[in-house]
Amino acid sequence: AAQEGLIQSEKMAALGRMSTAIVHEISQPLAAMEATLAAAGLTLTEHDTRTGPRIETARSLVRRMQRTVRNLKSFARRAPLTMEVIDLRRVVSGAVEIAAPRARALGIVPKIVTPDAPVPARAGPVRMEQVCVNLLLNAFDAAAEAGGKVQVRLGPGPVLTVADTGPGIPLERQPELFQPFVQLDRRAGGSGLGLAVCHRLVEAMGLGL
């Protein structure tokens with residue numbers, strides 16, 4: 001089982017290296033598309049009331065792809081453990097954006113509950129985002145059956161909670177929760193490393209779990 005886990009882990013690492021290159025390759029075409037659409041909008045006559053809204057819709061979709069690309073580039077970079085005061089709302093926003101394709105594929109619309117004011121916390125921004133992404137992906141997979149729901153909540157105070165209405169983890173398996181290569185739900189197709197990585201990152205940042 002450990003050997004199979006290592007094989008899957010290496011495959012995911014290769015996929016990660018390729019996805020970084022792909023993200024770089026599509027950044028410039030997306031920027032060119034956005035500029036082209038903006039220029040096209042400037043050439044419209046005041047009597048053309050149909051084309052303008054369509055161009056704006058296309059630009060909005062391109063900008064959404066650009067935000068996703070920026071988040072992926074930030075998420076993929078190798079970041080040293082630098083602790084700083086961050087706004088946890090930005091962490092949640094970036095993580096939700098990255099995990100959104102998986103949520104859409106499973107038909108899940110996560111509920112995001114964050115305060116209007118900043119939620120400061122001393123942590124590593126990239127590593128904190130990685131923790132949030134991993135928890136979200138696990139929650140999506142757990143809640144995928146029977147119209148499950150996922151909620152991300154900030155507060156009270158610098159507390160981040162990811163909850164789902166999935167079947168839960170049996171008590172007898174909970175001691176294995178943070179062990180590497182332990183897949184509590186093989187249907188999800190993960191590597192069994194997500195929670196172990198989360199646990200290690202949170203410990204390295206000196207945060208509570």
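Preceding this paragraph is the structure being described.
Since the structure is predicted, the reported quantities are computational estimates derived from the model, not experimental observations. (Residues numbered from 1 in each chain as written. Predicted model: local features only at pLDDT ≥ 70, side-chain atom pairs only at ≥ 80, totals over all residues. Heavy atoms only, no water.)

**Student:** I tried to follow the packing of helix α3 (residues 88-105) against helix α4 (residues 125-143) on my own but got confused; where do I start?
**Tutor:** Contact pair α3 / α4: the axes reach a minimum separation of 8 Å and the direction vectors enclose 40°. Between α3 and α4, the angle falls in the class oblique. As for how α3 packs across α4, the hand of that crossing is right-handed. Contact residues: Leu88, Val91, Val92, Gly94, Ala95, Val96, Ile98, Ala99, Arg102 and Ala103 in α3; Pro125, Met128, Glu129, Cys132, Val133, Leu136, Leu137, Phe140 and Asp141 in α4. Tallied by class, the residues present in the contact of α3 with α4 amount to 15 nonpolar, 1 polar and 3 charged. (Axes fitted to C-alpha atoms, helices over the stretch in contact; angles between N-to-C directions. Helix = DSSP H or I, 4+ residues; strand = E, 2+ residues; numbered from the N terminus. Parallel < 35°, antiparallel > 145°, perpendicular 65-115°, else oblique. Left-handed = near helix turned anticlockwise from the far one by under 90°. Contact = heavy atoms within 4.5 Å. Nonpolar A, V, L, I, M, F, W, Y, C, P; charged D, E, K, R; others polar.)

**Student:** Sorry if this is basic, but what is going on with the pairing of strand β4 (residues 150-154) here?
**Tutor:** A regular strand places its side chains so that they alternate between the two faces of the sheet. The alternating pattern of β4 places Val150, Val152 and Leu154 on a buried face and Gln151 and Arg153 on a face that is not buried. In this structure, β4 lies alongside strand β5 (residues 160-164), joined through 5 bridges in antiparallel fashion. When the sheet's bridge partners are listed, Gln151 is paired in β5 with Ala163. Taking the residues that link successive antiparallel strands as the turn, the β4-β5 hairpin has 5 residues, and the phi of Gly155 there is positive, at about 100°. (Buried < 20%, exposed > 50% of the residue type's maximum accessible area, 1.4 Å probe, protein only. Pairing = 2+ DSSP bridges.)

**Student:** I would appreciate a short explanation of the side chain of Asp87 in the present structure.
**Tutor:** Its location among the elements puts Asp87 in strand β1 (residues 84-87). Within the structure, the side chain of Asp87 is placed 2.9 Å from the side chain of Arg89, a separation counted as a polar contact. Polar side-chain contacts of Asp87 include one of 2.9 Å to the backbone nitrogen of Val119. When residues no more than four places from it in sequence are discounted, the contact partners of Asp87 are Pro118 and Val119. (Polar contact = N/O pair within 3.5 Å; in protein donor to acceptor, adjacent residues only side chain to side chain.)

**Student:** In this structure, what is going on with the nonpolar core? I would like to understand it.
**Tutor:** Proteins that are soluble and globular tend to have nonpolar side chains buried together. By size, the foremost hydrophobic cluster in this structure holds 24 residues, and its most contacted members are Ile86, Leu88, Val91, Met128, Leu136, Phe140 and Val150. Where this core is concerned, the elements lending two or more residues are α3, β3 (120-123), α4 and β4. Sequence-distant contacts of Ile86, that is, excluding residues within four places in its chain, are made with Val91, Val119, Pro120, Ala121, Ala123, Pro125 and Met128. The next biggest cluster of nonpolar side chains, apart from the first, holds 6 residues, and it includes Val23, Leu30, Val62 and Val69. (Core = buried A, V, L, I, M, F, W, Y, C linked by side-chain atoms within 4.5 Å.)

**Student:** Please clarify how the pattern of salt bridges should be interpreted in this entry.
**Tutor:** Here the idea is simple: oppositely charged side chains can pair when their charged atoms come close. In this structure the tally under the stated criterion is 5 salt bridges. Across the pair Glu56 and Arg59 runs a salt bridge whose closest N-O atoms are separated by 3.4 Å. Highlighted residues: Glu56 and Arg59, both in helix α2 (residues 51-76), separated by 3 residues, approximately one helical turn. In this structure Arg59 comes out as buried when scored by relative accessible area, which is 18%. (Salt bridge = Lys/Arg side-chain N within 4 Å of Asp/Glu carboxyl O.)

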